[in-house]
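Next come the chains, spelled out residue by residue.
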Amino acid sequence: MSQLFYLKECPSTNDEISNFLLYENSDFVTLYTFNQTRGRGQYGNTWSSVAEKNLAYTLAVKTQNFPLSDFMFNYYTAIIMRDYLANLTENNVKIKWPNDIILKNKKIAGILIEKKKINQNNYFIIGCGINILQEEFDEISNAGSIFTQTGKRFKLEKFAINLNNFLLKKLKTFPTEDQIMNIFNSHLFKKDEISVFELNKMRQNGIIRKADEKGELLIEFEDGLQSFYHKEIKLLY
């Protein structure tokens, strides 16, 4: 059973969805808005969004339905989001480790997954901010929108409902962990390309080789292969 809710405005869909879960016992509960005023990203970052131009979307699913590690669930969710946006835009969409979505070298979506216990049930709280119609961004920003990158316009309501249907379908079955890793790495942004990284406030060249099942990113430098967790190294692009 699934439930879908809409708010005209809210601070954070990831926070607000707790109020709906108190009264629902569904396996899938969704909340979305086109005006999120205090969105959150990974590790305390903020996710700013222009009202009525973008989508803030959160889906709560019971953890008991997913025999996957937290890292694997994170990777699989990123794959689903990538697939939806690639199909919709008819473009080669990439995943920037661990879970940003890149279209034509710009970040158009970010994912934040949290685990919460609400009303005696454990949930994965899947939050996603997607830039859809926004036209202007800070000049030095790596952000873009579906519109800036493709010139295509989509109706926000239809976009949100179709995304929700796609996610629900994909989350009712899932690949093996080996398949998830293979798919994730096949869409990994800047994989096997010489890139510039910031490490310990220094810049150096390296090559992303793969993400692994422990949630680490393996990068090859001149002195060999090294592994990093999120926020230990920054990809400059």
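Scroll up to find the structure this text is about.
The structure displayed is predicted, hence computed values, not measured ones.

**Student:** Sorry, what's going on with the overall build of the protein here?
**Tutor:** Secondary structure summary: the protein contains 5 helices and 14 strands in total. For 237 residues, the compact-globule formula gives about 18 Å, and the C-alpha radius of gyration of the protein, at 18 Å, lands near that figure. Based on the C-alpha atoms only, the size of the protein along its principal axes is roughly 55 × 40 × 30 Å. The long-range fraction of contacts in the protein, counting pairs at least 24 apart against all pairs at least 6 apart in sequence, stands at 62%.

**Student:** I would appreciate a short explanation of helix H1 (residues 13-21) in the present structure.
**Tutor:** Taken together, the buried positions of H1 are occupied by Thr13, Asn14, Ile17, Ser18 and Leu21. Take H1 and look down its axis: the buried residues cluster within an arc of 160 degrees, on one side only.

**Student:** Is there a simple way to think about the pattern of salt bridges in this case?
**Tutor:** Pairing between side chains of opposite charge can happen when their charged atoms approach one another. Counted according to the given criterion, the structure contains 12 salt bridges. For aspartate 192, the salt bridge is made with lysine 191, and the minimal N-O distance between the two is 3.0 Å. Note that aspartate 192 is salt-bridged to arginine 209, the shortest N-O span being 3.0 Å. Pair noted here: aspartate 192 is in the loop between helix H5 (177-186) and strand S10 (194-199) and arginine 209 is in strand S11 (residues 202-211), with a separation of 17 residues, a long-range link. Via salt bridges that share partners, Lys191, Asp192, Arg209 and Glu220 belong to a single interconnected network.

**Student:** Just checking my understanding: could you explain the sheet that holds strand S2 (residues 28-33) for this structure?
**Tutor:** Hydrogen bonds between backbone atoms are what pair the strands of a sheet, whose relative direction is either parallel or antiparallel. Pairing is mixed in the open sheet, where 7 strands are placed in the order S1-S2-S5-S9-S8-S7-S6. For this open sheet the edge positions go to strand S1 (2-6) and strand S6 (94-96), each flanked by a neighbour on one side alone. In this sheet, adjacent strand axes meet at a mean angle of 20 degrees when their direction is disregarded. The pairing of strand S5 (residues 54-62) with strand S9 (residues 121-131) spans 9 bridges and is classified as antiparallel. Bridging across to S9, alanine 60 finds its partner in isoleucine 125. Helix H2 (residues 70-89) contacts S5, S6, strand S7 (100-103), strand S8 (106-118) and S9 of the sheet and is inclined by roughly 140 degrees relative to S8. Across the face of the sheet, helix H4 (residues 156-171) comes into contact with S1, S2, S5 and S9 while running at roughly 25 degrees to S5.

**Student:** What is the right way to read the packing of H2 against H4 from this model?
**Tutor:** Between two packed helices, both the angle of their axes relative to each other and the distance between the axes serve to describe the pair. With their axes 10 Å apart at the nearest point, H2 and H4 run at an angle of 135 degrees to one another. Overall, the two elements H2 and H4 adopt an arrangement that is oblique. Regarding H2 and H4, the two cross each other, and that crossing is right-handed. Listed contacts from H4 to Phe73, Tyr76, Ile80, Met81, Asp83, Tyr84, Leu85, Asn87 and Leu88 of H2 are Phe159, Asn162, Leu163, Phe166, Leu167, Lys170 and Leu171. Of the residues belonging to the contact of H2 with H4, the class tally is 12 nonpolar, 2 polar and 2 charged.

**Student:** Is there a simple way to think about the nonpolar core in this case?
**Tutor:** In a soluble, globular protein the nonpolar side chains are often hidden away together inside. Core analysis: the biggest nonpolar cluster contains 60 residues, and Leu55, Leu85, Ile130 and Leu171 have the highest contact counts within it. Among the elements that take part in this core, H2 stands out by supplying 11 residues, more than any other. Those residues in contact with leucine 55, other than ones at most four positions away along the chain, are Tyr32, Thr33, Phe34, Cys128, Gly129, Ile130, Ile132, Phe159, Ala160 and Leu163.

**Student:** I tried to follow the environment of cysteine 10 on my own but got confused; where do I start?
**Tutor:** You can see cysteine 10 is positioned in the loop between S1 and H1. Judged by its relative accessible area of 3%, cysteine 10 is buried. Apart from residues lying up to four places away in sequence, cysteine 10 is in contact with Glu16, Thr33, Asn35, Gln36 and Thr37.

**Student:** Is there a simple way to think about the packing of aromatic side chains in this case?
**Tutor:** What describes a pair of aromatic rings is the distance from one ring centre to the other and the angle between the planes of the rings. Overall, the coordinates contain 14 aromatic pairs when judged by the stated rule. With centroids separated by 5.3 Å and ring planes inclined at 50 degrees, the aromatic side chains of tyrosine 6 and tyrosine 32 adopt a geometry described as tilted. Of the two residues, tyrosine 6 is situated in strand S1 and tyrosine 32 in strand S2; the sequence distance between them amounts to 26 residues. For tyrosine 6, a relative accessible area of 38% puts it in the partly exposed group. For arginine 153, the ring lying beneath its charged end belongs to phenylalanine 147, and the centroid distance is 4.2 Å.

What counts and what doesn't
- Residues numbered from 1 in each chain as written.
- Predicted model: local features only at pLDDT ≥ 70, side-chain atom pairs only at ≥ 80, totals over all residues.
- Heavy atoms only, no water.
- Helix = DSSP H or I, 4+ residues; strand = E, 2+ residues; numbered from the N terminus.
- Rg over C-alpha atoms; globule rule 2.2 N^0.38 Å.
- Contact = heavy atoms within 4.5 Å.
- Buried < 20%, exposed > 50% of the residue type's maximum accessible area, 1.4 Å probe, protein only.
- Arc of directions from axis to C-beta.
- Salt bridge = Lys/Arg side-chain N within 4 Å of Asp/Glu carboxyl O.
- Pairing = 2+ DSSP bridges.
- Axes fitted to C-alpha atoms, helices over the stretch in contact; angles between N-to-C directions.
- Parallel < 35°, antiparallel > 145°, perpendicular 65-115°, else oblique.
- Left-handed = near helix turned anticlockwise from the far one by under 90°.
- Nonpolar A, V, L, I, M, F, W, Y, C, P; charged D, E, K, R; others polar.
- Core = buried A, V, L, I, M, F, W, Y, C linked by side-chain atoms within 4.5 Å.
- Phe/Tyr/Trp six-rings, centres within 6.5 Å; stacked < 30°, edge-to-face > 60°.
- Lys NZ or Arg CZ within 6 Å of the ring centre and 35° of its normal.

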